[in-house]
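This is what each chain is made of:
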Amino acid sequence: MAIASKSKWLDSIRSSLLLSKLKQLWHWAFGLTKSFQRNLLLSIGGVFLLFAICFSVYQYQREKEYKIDILHSRLQMYNYEMVQTLGEDSLTNQQLFRDYVARHQMEGLRVSVIDQKGRVILDSYDTNVDSLGNHLQRTEIKQALHEGNGYDIKRMSQSTHETYFYSATRFGDVVVRAAVPYSAELTRSLQADNTYIYFAGVLTLLLGIVLYYITHRISRHISHLREFAMKAEEGEELDHELKRRLPDDELGDISHTIIMLYWKLRHSEEDKVRIKRQLTQNAAHELKTPAASIHGYLESILDNPDMSEEKKKHFLERCYAQSERMSKLLLDMSALTKLDEMDDNRSRTQRDYRQVNVLQVLQSALDDTSLQLQEKGITPVLQLPGHVEVLGDQSLIYSIFRNLIDNAIAYATGASRLVINCQETETEGRHFYEFLVSDNGPGVEPQHLEHLFERFYRVDKGRSRKLGGTGLGLAIVKNAVAAHGGTTTALATPGGGLTIKFTLARF
């Protein structure tokens with residue numbers, strides 16, 4: 001009884017230590033201030049801890065069963081040696097039985113011979129076998145009768161009132177049973193080795209520290225992004241965010257990409273606001289001149305009723321010319337607004353694109369401007385393949401060529417040729433048509449080339465207005481090409497003149 005109590009006491013101490021460690025880990029985990037880190041640590045750490053506990057329990061039971069099997073095998077060997085020495089026919093001989101047990105005595109060993117009905121025939125501890133009762137329902141006896149051998153752990157003997165470990169073996173019609181008392185030494189030998197439990201505890205603690213470091217590192221990045229998002233939402237200054245050092249790993253790359261995307265979107269929105277504001281100011285400035293001219297001419301006609309018909313007609317013609325200029329300016333602004341809307345919904349717009357025959361569109365633009373070209377003495381020269389088809393919007397492609405031809409008519413003073421060249425190119429696996437529209441006029445100074453596609457940009461402001469330009473033609477060209485996924489560049493023509501190069505995706 002004392003030995004059993006001591007064993008229970010040791011088991012309770014081990015359980016208390018394990019529970020104490022679990023409580024420490026629990027308070028440590030819930031003491032974390034970051035909910036993301038806490039949830040991640042508890043989810044991963046909980047799975048690992050559960051695995052460690054299940055493995056420890058399994059290993060403990062497995063080792064304990066292994067040691068019990070060793071003791072059972074030792075007692076089985078004793079039973080077999082006794083039968084081999086005495087012979088099965090002599091097992092029921094009391095004198096031979098007692099002599100053998102006396103010669104092969106082990107500390108506390110008790111040996112019994114029991115028949116198939118459970119009656120004790122011989123017993124090394126008690127000679128009065130009739131008082132021992134029937135053993136047929138004993139666990140080790142039932143196992144031995146059915147399976148050939150069996151054992152029972154920690155069962156108290158009714159005759160000695162001591163706790164024994166029983167091991168029984170069947171030999172023919174009898175069962176030989178050997179039993180050893182549960183001494184302190186036997187109890188220790190049957191207990192599982194607790195070293196691996198402490199090793200598992202230390203390993204769990206180390207892995208917990210590593211896991212805490214990893215989750216803390218991840219949480220730090222998440223907190224950084226959260227702080228960045230909150231500052232961005234509140235409109236705070238975020239220039240220092242670009243200077244913050246980020247780790248050289250996947251999380252750092254993701255953080256950097258998110259920050260850079262934010263800055264690109266922010267600058268894009270700022271550019272749109274700036275361009276719209278600039279467009280409004282330029283449009284007001286451009287419209288003010290023809291509106292003032294019309295107002296002045298009409299005021300002069302109304303204030304001078306005796307004005308000659310010839311002069312009145314001249315003033316009205318000037319009013320008509322200025323109104324045409326205003327109308328063209330408004331149409332160009334409307335076209336740019338439409339292109340801006342298409343740029344914001346590019347994916348939806350491109351779904352409506354169809355196959356366009358560029359030669360037909362270009363020929364239509366040349367036919368519509370043939371009189372102006374003849375007046376300026378400009379001869380169009382086409383150097384295109386016989387079959388050029390692109391995927392796009394026919395009206396926008398027409399506006400590209402029409403504005404480029406109008407630009408040459410208006411500004412290529414003294415030009416005699418307008419060469420339109422096309423060749424097929426490939427970029428990153430995609431096939432494009434590269435168009436070159438070149439004149440041999442006076443050209444543009446190099447410092448102006450990169451600004452030609454800006455809205456209302458003029459190389460010579462006074463001269464451009466006299467020629468009737470709106471300053472939006474090349475801006476429309478660039479936006480229309482961009483709506484088709486192409487690029488536009490202004491170059492100086494070798495030998496003099498201006499060349500506009502742009503690309504359109506091949507159908």
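Here's a quick rundown of the structure.

Scoring rules and cut-offs
Residues numbered from 1 in each chain as written. Predicted model: local features only at pLDDT ≥ 70, side-chain atom pairs only at ≥ 80, totals over all residues. Heavy atoms only, no water. Core = buried A, V, L, I, M, F, W, Y, C linked by side-chain atoms within 4.5 Å. Buried < 20%, exposed > 50% of the residue type's maximum accessible area, 1.4 Å probe, protein only. Helix = DSSP H or I, 4+ residues; strand = E, 2+ residues; numbered from the N terminus. Contact = heavy atoms within 4.5 Å. Polar contact = N/O pair within 3.5 Å; in protein donor to acceptor, adjacent residues only side chain to side chain. Pairing = 2+ DSSP bridges. Axes fitted to C-alpha atoms, helices over the stretch in contact; angles between N-to-C directions. Patch = residues over 30% accessible without salt bridge, like charges linked within 9 Å, V, L, I, M, F, W, Y side chains within 5 Å. Areas by Shrake-Rupley, 256 points an atom, 1.4 Å probe, with all protein chains shown as cover. Salt bridge = Lys/Arg side-chain N within 4 Å of Asp/Glu carboxyl O.

This part covers the nonpolar core. The tendency in soluble globular proteins is for nonpolar side chains to be buried as a group. Counting 38 residues, the largest nonpolar core has Val390, Ile400, Phe401, Leu404, Ile405, Phe435 and Phe502 as the members making the most contacts within it. Of all the secondary structure elements, the ones that give two or more residues to this core are α10 (358–368), α12 (394–411), β9 (417–427), β10 (430–439), α15 (473–483) and β12 (498–505). Beyond its immediate chain neighbours, meaning those up to four positions away, phenylalanine 401 contacts Val358, Leu362, Ala365, Ile420, Phe435 and Phe502. In this structure, Met82, Phe97, Val174 and Ala178 belong to the second largest nonpolar core, which totals 22 residues.

With that settled, consider the side chain of histidine 484. Inspection of the secondary structure puts histidine 484 in the loop between α15 and β11 (488–492). Judged by its relative accessible area of 6%, histidine 484 falls in the buried class. A distance of 2.8 Å separates a polar atom in the side chain of histidine 484 from the backbone oxygen of alanine 480. Contacts of histidine 484, omitting those with residues within four sequence positions, involve Tyr353, Leu391, Gly392, Asp393, Leu396, Ile397 and Leu504.

Turning next to the sheet that holds strand β5 (residues 174–181). Spatial ordering of the open sheet is given by β2-β1-β5-β4-β3, a layout of 5 strands whose pairing is antiparallel. Two strands in the sheet have a free side with no partner beyond their single neighbour: β2 (120–123) and β3 (149–156). Going across the sheet, the axis of each strand differs from the next one's by a mean of 20°, ignoring polarity. As paired strands, strand β1 (residues 110–115) and β5 are joined by 6 bridges and run antiparallel to one another. Across the sheet, residue aspartate 115 finds its bridge partner in β5, namely valine 174.

Another aspect to go through is the sheet that holds strand β7 (residues 379–383). To summarise the sheet geometry, strands pair through backbone hydrogen bonds and adopt either a parallel or an antiparallel arrangement. Taken together, 5 strands build an open sheet; the order of strands is β7-β9-β10-β12-β11 and the sheet is mixed. In this open sheet, the two edge strands, each paired with only one partner strand, are β7 and β11. For this sheet the average axis-to-axis angle between neighbouring strands, irrespective of direction, equals 20°. Where β9 lies against β10, 10 bridges are found, and the strand directions are antiparallel. Its bridge partner being in β10, threonine 427 is matched across the sheet by arginine 430.

In this section: a nonpolar patch on the surface. On the surface, Phe48, Phe51, Phe55, Tyr58, Phe199, Leu203 and Leu207 cluster together into a nonpolar patch covering about 730 Å² of accessible area. The leading source of residues in the nonpolar patch is helix α2 (residues 35–86), at 4 residues. The topology assignment puts phenylalanine 48 in helix α2.

Take the pairing of β5 next. For β5, the buried fraction is high: 8 of the 8 residues fall into the buried class. Examined bridge by bridge, strand β4 (residues 163–171) and β5 share 8 bridges and lie antiparallel to one another. Bridging across to β5, serine 167 finds its partner in alanine 178. Taking the residues between adjacent antiparallel strands as the criterion, β4 and β5 are bridged by 2 residues, where glycine 172 takes a positive phi near 65°.

Side chains bearing opposite charge may pair, as long as their charged atoms lie close to each other. Evaluated as defined, the whole model comprises 6 salt bridges. Between arginine 177 and glutamate 140 there is a salt bridge whose closest N-O contact spans 3.0 Å. On the criterion of sequence distance, the pair formed by arginine 177 in strand β5 and glutamate 140 in helix α4 (residues 139–147) is long-range, its members being 37 residues apart. In this structure arginine 177 comes out as buried when scored by relative accessible area, which is 4%. Judged by its relative accessible area of 0%, glutamate 140 is buried.

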